[in-house]
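Chain residues, written in single-letter form:
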Amino acid sequence: MIAMDAPERYEQLIAFLDSHLGGERHELADGSLQFFGGDPPEVVVQLTETSVIVSEFAAVWESPYTLTARPRRVGLLKWRRLPETELFNALGTLIKGARESRLASFRACAECGHNTAPEWMTGKAICHSCAEKEQRRRSVH
Ligand SMILES: [Zn+2]
């Protein structure tokens, strides 16, 4: 019975993720779908033929010019094994938790007050764009 419902459930999952995340969607090389929510990104969800994996977005600077996404997994659901209501409740809860955890890592810039993602903050508690302005000011004088 579950197998018969699978293609329909898969479409439901896509519709749910589109409406709850509302961001970009990418197809990965292995055929799974990756959904992003938030701007800057807060949540990443990967949907495969058997699993839906929810992660809190995180990123690291691999070089001064290369920011690489390093999502932190918060939960994996075997979506074919769960009844509809429980599946979507669990998925909604995981997305909410990942988003709250990500937003809790944001800090207000000491200079402009903008609420900023950790990868865009410098060690001096100011955001990258304020740090750049500061640097330009110094190089002029
Ligand atoms: Zn700033």
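These numbers come from a predicted model, not from an experiment. (Residues numbered from 1 in each chain as written. Predicted model: local features only at pLDDT ≥ 70, side-chain atom pairs only at ≥ 80, totals over all residues.)

Some details on the domain arrangement of the chain
- Along its sequence, the chain is organised into domain 1 (2–105) and domain 2 (106–141).
- Each of domain 1 and domain 2 was reduced to a C-alpha centroid, and the two centroids are 30 Å apart.
- Every contact between the two is made by 7 residues of domain 1 and, on the other side, 4 residues of domain 2.
- Among the elements that make up the side of domain 1 that touches domain 2, the one with the highest residue count is strand S5 (residues 59–63) (3 residues).
- Grouping the amino acids of the side of domain 1 that touches domain 2 by side-chain chemistry returns 6 nonpolar, 1 polar and no charged. (Domains from an automatic or database assignment. Contact = placed C-beta atoms within 7 Å. Helix = DSSP H or I, 4+ residues; strand = E, 2+ residues; numbered from the N terminus. Nonpolar A, V, L, I, M, F, W, Y, C, P; charged D, E, K, R; others polar.)

Quick notes on the sheet that holds strand S2 (residues 33–37)
- Within the open sheet, the 5 strands sit side by side as S1-S2-S3-S4-S7. Their pairing is antiparallel. Looking at which strands have only one partner, the edges of the open sheet turn out to be strand S1 (22–27) and strand S7 (72–78). For this sheet, the mean angle separating the axes of adjacent strands, direction not counted, is 20°.
- As judged from the 6 bridges shared by strand S4 (residues 51–56) and S7, these two strands associate in the antiparallel manner. Bridge pairing in S7 places Val54 opposite Gly75.
- The strands touched by helix H2 (residues 84–104) within the sheet are S2, strand S3 (43–47), S4 and S7, with S4 carrying the most contacts at an inclination of about 20°. (Pairing = 2+ DSSP bridges. Axes fitted to C-alpha atoms, helices over the stretch in contact; angles between N-to-C directions.)

Regarding the environment of Glu42
- With respect to the helices and strands, Glu42 occurs in the loop between S2 and S3.
- Accessibility expressed as a C-beta count within 10 Å gives 22 for Glu42, which makes it buried.
- Along the chain, Glu42 and Arg99 lie 57 residues apart, while their C-alpha atoms are 5.4 Å from each other.
- In this view, Glu42 contacts Gly37, Phe57, Arg99, Arg102 and Leu103; residues no more than four positions away in its chain are not counted. (Buried ≥ 20, exposed ≤ 12 C-beta atoms within 10 Å, placed from the backbone.)

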